[in-house]
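The primary structure of each chain is shown beneath.
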Amino acid sequence: MLLLAFTLLFSFVACNAGSSGDNSYSSGGKYEEGMDGTDTTVNGTNIPDKKIVRRAELRAETKDYDGAKNTVSALVATLGGYTESSRESTPGNGRSRMLCATLRIPAEQLDAFLSKAGETVHITNSSITTDDITAKYYDAEARLATLKAEKAALDAMLEKATTTAEIMQIHERLYDVMEEIDSLTAKLNVYKNEVAMSTVT
């Protein structure tokens, strides 16, 4: 009965922490944004910072392919970025070359990169998208904290379990909790990487 009550308690907490909409945070908290778009609070408490993902897509041309390629590569390195992937090809006429690349640029350096890249190549088309994942990020973070607390409680219960049935039941729940912890940890790592490093295609 104690184990059942414990499981129901954490199921209730998990449902509250896991339910989210565009303006949700965790455990029924309300995500709010100030009039200027910079103040983010939950139940009157400031959240450390907003989580913004920025992506840019560019199409450009140049008469100096090798020179432009080298200059852009050097610019990426100077700004602390890196090339995630690249592919070169030669269109049918054989007189031009094409480079398709995915670059990762520190978020705070994205505007500087776009400005300096425009001085190196002729940008024919560009688009920048901004995705606010603040609510999703902090929901996942809160859910992870809840699961870690549940794991600690389950570990304590396992030490006091006296029957095989109790041990097996606790182990089964522990397996599910640890699986969820691994999944949420991986998701948060992806979020952190996307926020810290903008993607430029």
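All of these numbers come straight from a predicted model, not from anything done at the bench. (Residues numbered from 1 in each chain as written. Predicted model: local features only at pLDDT ≥ 70, side-chain atom pairs only at ≥ 80, totals over all residues. Heavy atoms only, no water.)

1. A look at the pairing of strand E6 (residues 98-106)
Put simply, the rule is: Any two strands between which DSSP finds at least two bridges are classified as paired. By the criteria applied, helices consist of DSSP H or I runs no shorter than four residues and strands consist of E runs no shorter than two, each listed in order from the N terminus.
Where strand E5 (residues 82-89) and E6 come together, seven bridges link them in antiparallel fashion. Directly across from Thr83, in E6, lies its bridge partner Leu103.

2. Quick look at the nonpolar core
Here is the rule we go by: The term nonpolar core refers to a set of buried residues drawn from Ala, Val, Leu, Ile, Met, Phe, Trp, Tyr and Cys, joined through side-chain atoms within 4.5 Å. Residue burial is assigned from relative accessible area. The probe radius is 1.4 Å, only protein chains are included, and a residue is buried under 20% of its type maximum, exposed over 50%, and partly exposed in between. Whether two residues touch is decided by their heavy atoms; if any such pair falls within 4.5 Å, the residues are in contact.
Grouped together as the largest cluster of nonpolar side chains are 18 residues, with contacts concentrated most on Leu154, Ile170, Leu188 and Tyr191. Contributions of two or more residues to this core are made by helix H4 (134-160) and helix H5 (164-196). Per-element tally for this core: the top contributor is H5, with eight residues. In contact with Tyr191, not counting residues within four places along its chain, are Ile133, Lys136, Tyr137 and Ala140. In terms of nonpolar packing, the next biggest core, distinct from the first, is built from 13 residues, Ala56, Val76, Phe113 and Ala117 among them.

3. Here's the deal with the confidence of the model for the protein
Low-confidence regions, as indicated by low pLDDT, have predicted coordinates that should not be scrutinised in detail. Convention followed: As a per-residue measure, pLDDT tells how confident the predictor is, with possible values from 0 to 100.
Residue-level pLDDT values for the protein average 83, and 76% of them are 70 or greater. Long-range and interchain partners of residues 1-38, a stretch whose pLDDT sits below 50, account for 60 contacts in this model, where long-range means more than four residues apart.

4. Re a negative patch on the surface
In plain terms, the rule: Only residues whose relative accessible area exceeds 30% and that form no salt bridge enter a patch; like-charged residues are grouped when within 9 Å of one another, and nonpolar side chains (Val, Leu, Ile, Met, Phe, Trp, Tyr) when within 5 Å. In this description, accessible areas are obtained by the Shrake-Rupley approach with a 1.4 Å probe, and a residue is regarded as covered only by the protein chains that are shown. Note on definitions: salt bridges are taken to be side-chain nitrogens of Lys or Arg within 4 Å of carboxyl oxygens of Asp or Glu. Working convention for charge: Lys and Arg count positive, Asp and Glu count negative, and His plus the chain ends are omitted. The atom standing in for a charge is NZ when the residue is Lys, CZ when it is Arg, CG when it is Asp and CD when it is Glu.
There is a patch of like negative charges on the surface, built from Glu172, Asp176, Glu179 and Asp182. Looking at the secondary structure, you find Glu172 in helix H5. Using a relative accessible area of 55% as the deciding quantity, one classes Glu172 as exposed.

5. Some points on the side chain of Thr102
Considering the arrangement of structural elements, one finds Thr102 in strand E6. In contact with Thr102, not counting residues within four places along its chain, are Thr83, Glu84, Ser85, Thr199, Val200 and Thr201.

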